[in-house]
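Chain residues, written in single-letter form:
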Amino acid sequence: MADQFLGFDLSTQQLKGIVVGSDLKLIHEAKVDFDADLAKYGIEKGVLTNPAEGEVFAPVALFLEAIDLVLQRLKEQGADFSKVQGISGAGMQHGTVFWSKDAEHLLANLDAGKTLVEQLESGAKGERKGAFSHPFSPNWQDASTQKQCEGFDAALKDPKSLAEATGSSAHHRFSGPQIQRFQEKYPEAYTATARISLVSSFLASIFLGKVAPIDISDVCGANLWDIKNGRWQEDLLTLAAGGKSGLADLKSKLGDVPQDGGASFGTISPYFTKRYGFAASAQVIAFTGDNPSTILALPLRASDAIVSLGTSTTFLMSTNQYKPDPAYHFLNHPTTPGYYMFMLCYKNGGLAREHIRDAINKAANTTDTKSWDAFNKTALETPVLGQSSDTDPMRLGLYFPRPEIVPNVKAGTWRFSYTPSSSSNNTSTLTPATEKTWPIPTADARAILESQFLSLRLRSQSLVHAPPGTSLPPQPRRIYMVGGGAVNPAIAELAGQILGGSDGVYKLEIGGNACALGAAYKAAWGVGRAKGEGFEDFLEKRWNEDGFVRRICDGYREGVFERYGEALRGFEEVEGRAIEERGEGKRGVEGKVEGGVA
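Note that the structure is a prediction, hence the values are computed from the model and not measured. (Residues numbered from 1 in each chain as written. Predicted model: local features only at pLDDT ≥ 70, side-chain atom pairs only at ≥ 80, totals over all residues. Heavy atoms only, no water.)

Student: Looking at this structure, how should I read the side chain of Asp215?
Tutor: Looking at the element boundaries, Asp215 is found in the loop between helix H9 (199–208) and strand E10 (225–226). Within the structure, the side chain of Asp215 is placed 2.9 Å from the backbone nitrogen of Asp218, a separation counted as a polar contact. Within polar-contact distance, the side chain of Asp215 engages the side chain of Thr288 at 2.6 Å. Setting aside residues up to four positions removed in sequence, Asp215 forms contacts with Val257, Ala286, Phe287, Thr288, Pro334 and Lys522. (Helix = DSSP H or I, 4+ residues; strand = E, 2+ residues; numbered from the N terminus. Polar contact = N/O pair within 3.5 Å; in protein donor to acceptor, adjacent residues only side chain to side chain. Contact = heavy atoms within 4.5 Å.)

Quick look at the structure:
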């Protein structure tokens, strides 16, 4: 009997379950779409909202019902759960679930003849004890914690110091500020809370039959974990708990965090063996966050980068260097000790590109207003940085139809002409562009792509190295493109020109399954790894690159890559001007990857 492995992806709008074989090939997949399948919860796009307070949250009962439903759908497809030897999963990052004091007893004594929601959700007017002290889970889109975020930034002196300790400055959606607000708004429910899970560890707990530990990577999305020292940051825990008297209690609620990302938490709950036919020996391997799980969908080596091009833009990279900054995120790597996951999130991605596309189509009277043909042709025919000759000034712009976090500015558009310093002139110049130097909208097609990729290069440049055995400049080894924008040849071409990629630019062709696949692969590694065998080595032996990856263009181009390097200083000045002119934007919701596509 060939072993099989089960991976889950619990995102904002759906729960996806997939089964892979020991060769890591997909066997079954099923999903529950929350709006379509569970509309009775009154949700829209998977969530409930309280706009007056900026709250965005989801009923925990929704997740419970989805678990039974997705397993039923997998079974209807012919999945034989008795073959499953390992289970892992991913959850949307930063969401929290609050367990009651009855949770452990209820989880350990589930009746296989009843559904999860029937047994774990509390009854009306307290007629039945439930497993949760609060019926809702705050979602990553929640923006209700401005006051708490300011306190977190100040607790360790400033955002830079907070990022140094926890990998990120304070963000609305992060679990630490969310827990503090919950403790302040619902003090009785907080007191009645025995344990606090992230969405990932909540999902693991259901399959384990007891409250599971938080994962070593996902814990970094809380502003509570001291990454360098591998422990809870007690000053921040004290803040979230409402004072020193609550420190020990909150530490107990959160529990210990195992350092091994491939650790088995134990065997599957008897509920699932009796109800669905799982083998009693099936191991529950640490569940992680959705972004960490996405980088596990391929054997990502140090200096390889994933660029997700959706509504938002997300940049993920594995690195052994810890160089945090308030502008981006560092997390522990989900499987590899001593490595970190570097993450950049931009709200302005596909929407900003579409605005330029629409303007170009309108100017060209294009019949198909959603076609990218005119945009792509214009972008590729425009010379690098708009320079017809080396002596022309460079065109550098910023396009933010929404307020942005990287840099933190209000919405706006900026267009500048930049002349870098030279051997004959030590002074660079940056001046607002004119109609003569910047024809609108044609010059914008290339400039917006250059702007987005220059920002990625600027913030990741200290983390890349010269490819071994070459005389090439420091750059990523491979660029992997995912998301809707990855199908666009002009976008891929400029990614290679600007970001480099000594081994080329690749498209990851696994649809929206990256996150769930990463979880299934993690389960396979956790169960089947040899002693000391790392995740990347395990995966590379079994992973079929031809089936999942396609090389779409060259990365590094000699001369072009260096020209963009000269533009970085000017691009940084452009961002500085934007901050001066438009001030800081309101701390907002950032982009994120769900299922590998943001």
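Student: Hey, could you run me through the sheet that holds strand E4 (residues 48–50) in this one?
Tutor: In a beta sheet, neighbouring strands pair by backbone hydrogen bonds and run either parallel or antiparallel. Strand order across the open sheet formed by 3 strands is E4-E5-E8, with antiparallel pairing between neighbours. Edge positions in the sheet fall to E4 and strand E8 (136–138), since each of these pairs with one other strand and no more. Pairwise comparison of adjacent strand axes, ignoring direction, gives a mean angle of 35° for this sheet. Note: strand E5 (residues 55–59) against E8, 3 bridges, orientation antiparallel. Bridge pairing in E8 places Phe57 opposite Pro138. Across the sheet, helix H2 (residues 60–76) lies against E5 and E8, angled at about 40° from E5, the strand it touches most. (Pairing = 2+ DSSP bridges. Axes fitted to C-alpha atoms, helices over the stretch in contact; angles between N-to-C directions.)

Student: Honestly, the environment of Met394 in this entry has me stumped. Any pointers?
Tutor: Here Met394 is to be found in strand E19 (residues 394–400). Using a relative accessible area of 1% as the deciding quantity, one classes Met394 as buried. Along the primary structure Met394 and Thr437 are separated by 43 residues, whereas in three dimensions their C-alpha atoms are 9.5 Å apart. The contacts of Met394, once residues within four sequence positions are left out, are Leu385, Gln387, Phe416, Ser417, Tyr418, Pro420, Arg563, Glu566 and Ala567. (Buried < 20%, exposed > 50% of the residue type's maximum accessible area, 1.4 Å probe, protein only.)

Student: Quick question: what am I supposed to make of the nonpolar core here?
Tutor: Looking at soluble globular proteins, one finds that nonpolar side chains tend to be buried together. By size, the foremost hydrophobic cluster in this structure holds 124 residues, and its most contacted members are Leu224, Trp232, Leu250, Leu254, Val307, Phe453 and Met481. Sort the elements by how many residues they give to this core and helix H16 (residues 442–460) lands first, with 9 residues. If sequence neighbours within four positions are ignored, Leu254 has contacts with Ile179, Arg195, Ile196, Ile214, Leu224, Trp232 and Leu237. Among the nonpolar cores identified, the runner-up in size contains 61 residues, and Leu62, Phe63, Ala103 and Phe265 belong to it. (Core = buried A, V, L, I, M, F, W, Y, C linked by side-chain atoms within 4.5 Å.)

Student: Any chance you could explain the pattern of salt bridges here in plain terms?
Tutor: Two side chains with opposite charge may pair up if their charged atoms get near one another. For the structure shown, the criterion picks out 25 salt bridges. Lys147 is paired through a salt bridge with Glu184; the nearest N and O atoms lie 3.7 Å apart. Placement of the pair is Lys147 in helix H5 (residues 146–155) and Glu184 in helix H7 (residues 175–185), with a sequence separation of 37 residues. Connected through shared salt-bridge partners, Glu53, Glu55, Arg181 and Lys185 make up one network. (Salt bridge = Lys/Arg side-chain N within 4 Å of Asp/Glu carboxyl O.)

Student: Explanation requested: unusual backbone geometry in the structure shown.
Tutor: Omega for the bond connecting Ile440 with Pro441 falls within 30 degrees of zero, at 10°, which places this linkage in the cis form. With respect to the helices and strands, the residue Pro441 is situated in the loop between strand E21 (429–432) and H16. Notably, Asn223 is not glycine yet its phi reads approximately 60°, a positive angle. Of note, Asn223 is situated in the loop between H9 and E10. The class for Asn223 is buried, based on a relative accessible area of 0%. Backbone geometry places Ser303, a non-glycine residue, at a positive phi of 80°. By the secondary structure assignment, Ser303 is in the loop between helix H13 (290–294) and strand E15 (305–309). On the accessibility criterion, Ser303 (10% relative accessible area) is buried.

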